[in-house]
Each structure stands twice: as structure tokens, then as C-alpha cells.
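Descriptive structure summary
What follows is each chain in one-letter form.
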Number of protein chains: 2
Amino acid sequence: MLNLPFTRKTFMASGYLVRQGDRCDTVSVLLDGYCYGQKDDGEGNCQIVSLAIPSDVIGLEHLYLQTTDHNVRALTTVDVAMIPLSAVQQLSASRPAVAHALGIHQAINHAIAREWIVNIGARDGLRRVAHFLCEFAVRCDAWRGDTAAGYELPMSQEQIGQATGLTAVHVNRMLKTLHAAGLIERSWRNVVFSNWEGLRDVACFSSDYLHPGRQVPAPGYRTV
Amino acid sequence: MLNLPFTRKTFMASGYLVRQGDRCDTVSVLLDGYCYGQKDDGEGNCQIVSLAIPSDVIGLEHLYLQTTDHNVRALTTVDVAMIPLSAVQQLSASRPAVAHALGIHQAINHAIAREWIVNIGARDGLRRVAHFLCEFAVRCDAWRGDTAAGYELPMSQEQIGQATGLTAVHVNRMLKTLHAAGLIERSWRNVVFSNWEGLRDVACFSSDYLHPGRQVPAPGYRTV
DNA sequence: CGGTATTTTGAGCAGTGTCAAAGACGGTGG
DNA sequence: CCACCGTCTTTGACACTGCTCAAAATACCG
């Protein structure tokens, strides 16, 4: 068995799991709830740079970088298993297949970051919000193993705005527009995709960048 | 010695080193020239998602993902050493310190991507261009080991626009504004930082995210 | 030396941001 | 169980950043 030491911990919504500038010595696994990565632009504006859903690993970069360049905060009440960095290092060293899996996870997160750059840099408001919704749905589906009819967005429109580079007011207008186009139904934070194909087309969403089932198998290691 | 097999190859400006969707079986080291990562937004717009300068490693994610989610293209005439994936895998397996160094490189590239998200998502045009110039200068300085008086930008204003989420016309205006503010001098593609502190302040640029000299040392491995 | 790509500039416009206020929801304490 | 309160959502009017289109000037390349 892996026999990994860990500490279970709970954070309230908006609490900090990791702070920018920290010297971090743990890697966490998100057991329940949602988190987001956040970075200050130096003038009070905060940009959301990533999203973590249950089963995601948080802080993999701590294996390689001494300090953290962004905050990680709880979007909802959150339950994590915090593992000492040294334990992760030992495990990766003794189990190359584990190291490989962590590398895959990091590579996918990086790919998601690239897609966010495209989303924010190249698409207009409507497509941006649509794409954001698509990504969230697909990632949640992948985690749960099935396709849900509707999703409870764990974030406010203000936060969606911080993730897409729009204002909360504009996010609201775009959601309304998507509804008017018959692509989504919603009430409060619940979203139902009444026309998934249509939404996907508006967003130009393709799940390729999430690399579903297309990872490189661990090369030549016995997985024991 | 490492004894790594490689093929040296030259690409003309705008040539493709890697194409979106490819199954890639090489990792490249950029020996000379500049490259950029590019992704289509699905509607003809192309967003630049990364920049590679000499000594950068291109395609590290091929170790973990079977297909590539973005293009890598030459910005200038480019000279690379292409290494078979299997050789890199073997080397990482036999030399943990090498694997660790690659992880650091990947983590820093990821950190840069996060900062680009902040730049494009949270800053206005002027700050965006200023930040872009700062990052380019600092990365080039780090590579060459000294601080240059001026920099030859290896890209057109159109391309700067694709990297910052602005139009070429607006990039031009922002460069003019930066000049008018006494922060930069320039002629054609050559840029001189006549007031580095000022530019840095406008951009809210901090080199922390490039993690200069703050990587985690390879844990417990003998480097031989 | 001509051709092509890039830079530069101007004018007008569209998409987003800003500001402000009203309405909806959910939690809390009496 | 209900009233209150704070947060979030929704809406409108208006301002402004950045985009579009177009053309001239400039630099590079064969």
C-alpha cells in the first residue's frame, strides 16, 4: 500500500489554503468542495487563474518551486487531505508510476491554463462565458463519470467575471443572452444545458485540451 | 556523460515545430532563435499562449500527453535539437536529478501561463504591453546572464497583439504612449528601456513568478 | 529597385465597464 | 415560524476603452 501520511482539514468558503509568497511544504488532494487559484494584478484587481474540483491535486508545483506565486482559496466549504511534501517526494521516487501520474495531472492543468489564455484573450464576452460553462460541466462530468442534467455553479457571477476577465454585470448580461438564445436554463446558481450542442458551438468548445483518456502510459515501469 | 541522441534541425520563421493534434514523440531544446505557442480559438483568431527563448525546452508535456493541444511555431529562424521521447524517458528514469530539472522547467512555464492569464484578464492595454515587454526583457536577461541596454523584439506588433489579446493597431498606440511617457525608446523593433523602474511600475511587474533561483533542490539524489 | 509586409495615423463605432438602484435569495436571531 | 439583514443578482443609463476600416508612410527582401 501507499501508506501516505496526511492531515484532513476543512476550510470555510473564501478561506486560504495557500497564500501567494508562502513557502509550501504540503500537497493537497481536494476531497470535497471547490477551490480556485487567484492572483493579484498589483492594483487590487484579482484574477482567477484556475479551478479545482473534487479529486484534483493542489500544489503539485510545490515539488519544484520553493515559493507560491498565487493564492489558493476555497470556493465552497472544502475538505482536503494535506500530505507533507517529503512524503510525496519519497513516494514519487519509489513509485515512478505515481510520479508519472502527477506529471500527467500537472500537464493537464497547464493545458487548461493555456485554454484560459485563449478564452480570455481571443473570445468575446458571450463566447467566454459559454466556454467557461462548458469546461466546468465537462470537468465535473469526467469526475463523476456521468453527464448531469444540470449543475450547481459553486461561484458568484462576480467570481465568474474574475475568471473570464469580465465584470459581474457583464457576466449577468451574457448569461441572460445565452438564456434568450435557448442555450441554457437557469435559476439562481443552477444551470441546465437545454441545448448543449448549441452552447458548445457558440463557445467553440472542444474537450481535446482536457486530454480525456489520451495520456502517455507510464513507460516501462511495473505498477506492482 | 548523458550521451543523448538528438537531431539538429532548422526552421524558417513561421514554420511549425509542432502542430495541434499531433502525436509527438520528441522533446526539443531551443538552441537559437525564438518560438511561440499558438492556439486557434475555433473562429480563425489565433492566440499566442507562450514564448520560448534560447535554452528553453519545448514539448515537455509530450512526456505525459499523447496529443498536443497547441501549435509551436518559429518566430525567427530557429535552430533546435530534437530528442526522441524515449531517450528523454530513459534519462529521466535513470537520472532523477534530470527529471527534477525538467519538472522545474515545466512548473515555471505553468507559472508564466498563470501570469499571462492575469495580464490579459485583469490589466488594461497599456499595462498589458508594458508587462509583456518587462517579461521578455527579464527572461532574456536571465538567459544571457546580464542586463542589456536594449532588446530586439523578435515579433511584429500583430504578434504582440496576439499574445496580449489586443489588436496590432492598439499595440502600436500603447507603444507610442509608453514612449510619450518617457518609459521606452524605440526604433523599428528595437526597444530601449529608458526608465525601467517606471515601466515596471506601470506594468505592476514583479519577477517573482519566474521563480529566479527559488527552485526546490533535487531531494536526496546524488547528482553524480 | 520594385514588391511586400509592417508600422503608423485618423475617424467612427461597438463591446464592456462604471455607477447606481431595485429585486431576489438565504441565513440568523427572536 | 417569521422578520430582518446582508449578499448576490438583475436592470438601466451612460462613458470609455479598444476594435474596425482604411490609407499613407516606412522598412525589409529578393
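Residues numbered from 1 in each chain as written. Chains lettered and ligands numbered in written order. Predicted model: local features only at pLDDT ≥ 70, side-chain atom pairs only at ≥ 80, totals over all residues. Heavy atoms only, no water.

**Overview of the packing of aromatic side chains**
Residue and element names in this part refer to chain A.
- Scanning the model with the defined rule gives 14 aromatic pairs over all chains in all.
- Among the aromatic side chains, those forming a connected cluster through ring pairs are Tyr34, Phe136, Tyr151, Phe193, Trp196, Phe205 and Tyr209.
- The side chain of Arg19 reaches across the aromatic face of Tyr16, ending 3.8 Å from its centre. (Phe/Tyr/Trp six-rings, centres within 6.5 Å; stacked < 30°, edge-to-face > 60°. Lys NZ or Arg CZ within 6 Å of the ring centre and 35° of its normal.)

**Considering helix α6 (residues 196–203) of chain A**
All names here are of chain A.
- When α6 is considered as a whole, its buried residues turn out to be Gly198, Leu199 and Ala203. Angularly, the buried residues of α6 cover 130° about the axis, an arc narrow enough to put them on a single face.
- Along its buried surface, α6 packs onto α3 (125–144) and α5 (168–180).
- Of the residues trailing α6, Cys204 is marked for its positive phi of about 55°. (Buried < 20%, exposed > 50% of the residue type's maximum accessible area, 1.4 Å probe, protein only. Helix = DSSP H or I, 4+ residues; strand = E, 2+ residues; numbered from the N terminus. Arc of directions from axis to C-beta. Contact = heavy atoms within 4.5 Å.)

**Here we look at the sheet that holds strand β6 (residues 57–58) of chain A**
All names here are of chain A.
- Read across the open sheet, the four strands follow the order β1-β8-β3-β6; overall the sheet is antiparallel. Looking along the sheet, the strands with just one partner apiece sit at the ends: β1 (7–11) and β6.
- Sheet analysis places strand β3 (residues 26–32) next to strand β8 (residues 78–84), joined by six bridges and oriented antiparallel. Counterpart to Thr26 in the pairing with β8 is Pro84.
- Sitting on the sheet, helix α1 (residues 85–94) touches β3 and β8, and the angle it makes with β8 is about 65°. (Pairing = 2+ DSSP bridges. Axes fitted to C-alpha atoms, helices over the stretch in contact; angles between N-to-C directions.)

**Thoughts on the protein's contact with DNA strand D**
- What surrounds DNA strand D is a group of 19 residues, the closest being Gln157, Asn172 and Lys176 of chain A together with Gly125 and Thr167 of chain B.
- Between DNA strand D and Arg173 of chain B, the relevant distance is 3.2 Å, taken from a base oxygen to a side-chain nitrogen or oxygen of the residue.
- One of the side-chain nitrogen or oxygen atoms of Trp188 of chain B is found 3.4 Å away from a phosphate oxygen of DNA strand D.
- Mapped onto the surface near DNA strand D, the elements with two or more residues apiece are α4 (157–164) and α5 of chain A together with α5 (168–180) of chain B.
- Per-element tally for the surface near DNA strand D: the top contributor is α5 of chain A, with four residues. (Near = heavy atom within 4 Å. Polar contact = N/O pair within 3.5 Å; in protein donor to acceptor, adjacent residues only side chain to side chain.)

**Here we look at the sheet that holds strand β7 (residues 71–74) of chain A**
- With antiparallel pairing, four strands are arranged side by side in an open sheet as β2-β7-β4-β5 (chain A). The open sheet is flanked by β2 (16–18) and β5 (46–52) of chain A, the only strands paired with a single partner. Between one strand axis and the next, the sheet turns through 35° on average, direction left out of account.
- Where strand β4 (residues 35–40) of chain A meets β7 of chain A, four bridges bridge the pair, whose relative direction is antiparallel. Paired with Gly37 of chain A across the bridge in β7 of chain A is Val72 of chain A.
- Of the strands in this sheet, β4 and β5 of chain A are in contact with helix α2 (residues 96–122) of chain B, which crosses β5 of chain A at around 130°.

**Some thoughts on the interface of chain B and chain A**
- Taken together, the contact between chain B and chain A spans 51 residues of the former and 51 residues of the latter.
- Summing the contributions of chain B and of chain A, the shared interface buries around 4,500 Å²; its carbon and sulfur component is 62%.
- Contact with chain A buries area across many residues of chain B, yet Tyr64, Arg114 and Ile117 of chain B alone supply 16% of it, more than any other trio.
- Applying the counting rule to chain B against chain A returns six salt bridges.
- Where chain B packs against chain A, one counts twelve residue pairs in polar contact (both at pLDDT 80 or more).
- The element that contributes the greatest number of residues to the side of chain B that touches chain A is α2 of chain B, accounting for 18 residues.
- Tallied by class, the residues present in the side of chain B that touches chain A amount to 22 nonpolar, 17 polar and twelve charged. (Buried area = accessible area lost by both parts, 1.4 Å probe. Salt bridge = Lys/Arg side-chain N within 4 Å of Asp/Glu carboxyl O. Nonpolar A, V, L, I, M, F, W, Y, C, P; charged D, E, K, R; others polar.)

**Some thoughts on the packing of α4 of chain A against α5 of chain A**
All names here are of chain A.
- Interaxial distance between α4 and α5 falls to 8 Å at its minimum, and their mutual angle equals 100°. Relative to α5, the element α4 is oriented roughly perpendicular. Residues Gln157, Glu158, Ile160, Gly161 and Thr164 of α4 form the contact with α5, whose own contacting residues are Ala168, Val171, Asn172 and Leu175.
- Among the residues forming the contact of α4 with α5, the class breakdown is four nonpolar, four polar and one charged. (Parallel < 35°, antiparallel > 145°, perpendicular 65-115°, else oblique.)

**Details of the environment of Leu183 of chain A**
Residues and elements named next belong to chain A.
- The topology assignment puts Leu183 in the loop between α5 and β10 (185–187).
- Residue Leu183 is classed as buried on the basis of its relative accessible area, which comes to 7%.
- Considered as a pair, Leu183 and Gly198 are 15 residues apart in the sequence and their alpha carbons are 6.2 Å apart.
- Residues contacting Leu183, with those up to four places away along its chain left out, are Leu178, Val192, Phe193, Ser194, Asn195, Gly198, Leu199 and Val202.

**A few points about the state of the cysteines**
Residue and element names in this part refer to chain B.
- This structure, assessed with the given rule, holds zero disulfides over all chains.
- As a non-bridged cysteine, Cys134 has Cys204 as the owner of its nearest cysteine sulfur, 10 Å distant.
- Among the residues examined, Cys134 registers a relative accessible area of 0% and is labelled buried. (Disulfide = S-S within 2.5 Å.)

**Some details on the packing of α3 of chain A against α5 of chain A**
All names here are of chain A.
- Axis separation between α3 and α5 bottoms out at 9 Å; the angle between their running directions is 80°. Here α5 runs roughly perpendicular to α3, going by the angle between their axes. Residues Gly125, Leu126, Val129, Ala130 and Leu133 of α3 form the contact with α5, whose own contacting residues are Met174, Leu175, Thr177 and Leu178.
- Tallied by class, residues from the contact of α3 with α5 come to seven nonpolar, two polar and no charged.

**Regarding the relation of the copies chain B and chain A**
- Overlaying chain B with chain A gives an RMSD of 0.0 Å, the required rotation being 180° about an axis along which the chain moves by 0.0 Å. Here the copies are linked by what is in effect a two-fold axis. (Least-squares fit on C-alpha atoms with pLDDT ≥ 70 in both.)

**Some remarks on the pattern of salt bridges**
- Applying the stated criterion across every chain, the model contains 20 salt bridges over all chains.
- The salt bridge partner of Asp79 of chain A is Arg8 of chain A, with a shortest N-O separation of 3.0 Å. Pair noted here: Asp79 of chain A is in strand β8 and Arg8 of chain A is in strand β1, with a separation of 71 residues, a long-range link.
- Here Asp79 of chain A falls in the buried class, since its relative accessible area comes to 16%.
- Several salt bridges converge on common partners, so that one network encompasses Lys39 of chain A together with Glu115 and Arg123 of chain B.

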